[in-house]
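Architecture and fold: a report
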Amino acid sequence: MFTDHQRYSTQNQAAAIAVYAAQHDLIIIRTYADEGRSGLRIHRREGLIELIDDVRSGRAEFDHILVYDVSRWGR
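Conventions adopted
- Residues numbered from 1 in each chain as written.
- Predicted model: local features only at pLDDT ≥ 70, side-chain atom pairs only at ≥ 80, totals over all residues.
- Heavy atoms only, no water.
- Helix = DSSP H or I, 4+ residues; strand = E, 2+ residues; numbered from the N terminus.
- Buried < 20%, exposed > 50% of the residue type's maximum accessible area, 1.4 Å probe, protein only.
- Salt bridge = Lys/Arg side-chain N within 4 Å of Asp/Glu carboxyl O.
- Polar contact = N/O pair within 3.5 Å; in protein donor to acceptor, adjacent residues only side chain to side chain.
- Contact = heavy atoms within 4.5 Å.

**A look at unusual backbone geometry**
When glycine is set aside, most residues are seen to have a negative phi, and most peptide bonds are trans. Even without being glycine, D25 reaches a positive phi, approximately 55°. For D25, the location among the structural elements is in the loop between helix 2 (10-23) and helix 3 (46-57). Its relative accessible area of 73% is what places D25 among the exposed residues.

So, in C-alpha cells, the structure goes:
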C-alpha cells in the first residue's frame, strides 16, 4: 500500500479484521462503520454512537469488539 488512505480504507480494515477473527475462531456478527468521518469527535459518528448505545442498553449480541487500529476508533 502506498498511502494511509489505502491502508485505512474501510475495505482493507474489514479484510484485516476478518482474517484476525478467523485466526482466533471468532465470528463477525455485526459491523459498525463511519465511512468518511473523522475520529476526532463523536458528533456525526452514527456507527460509533450505535455501538455504544447497543452495549449500554444490553442489545449487543457479541462479547468482543474488533478494531483494526485503535486510532481508527477515536482519537
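**As for the pattern of salt bridges**
For the structure shown, the criterion picks out five salt bridges. The partner of R30 in a salt bridge is D54, with the nearest N and O atoms 3.7 Å apart. Highlighted residues: R30 in the loop between helix 2 and helix 3 and D54 in helix 3, separated in sequence by 24 residues. On the accessibility criterion, D54 (6% relative accessible area) is buried. With a closest N to O distance of 3.1 Å, R59 and D54 form a salt bridge. Take R59: its relative accessible area is 47%, and that puts it in the partly exposed class. Ionic contacts of the salt-bridge type, sharing partners, join the residues R30, E50, D53, D54 and R59 into one network.

**Some points on the environment of T31**
Take T31: it is sitting in the loop between helix 2 and helix 3. In this structure, the C-alpha to C-alpha distance between T31 and L51, residues 20 residues apart in sequence, is 9.0 Å.

**Observations concerning the side chain of D34**
Relative to the elements of secondary structure, D34 occurs in the loop between helix 2 and helix 3. The exposure class of D34 is buried, given its relative accessible area of 17%. Side chain to side chain, D34 and R45 meet in a polar contact 3.1 Å long. Setting aside residues no more than four positions away along its own chain, D34 makes contact with R44, R45, E46, G47 and L48.

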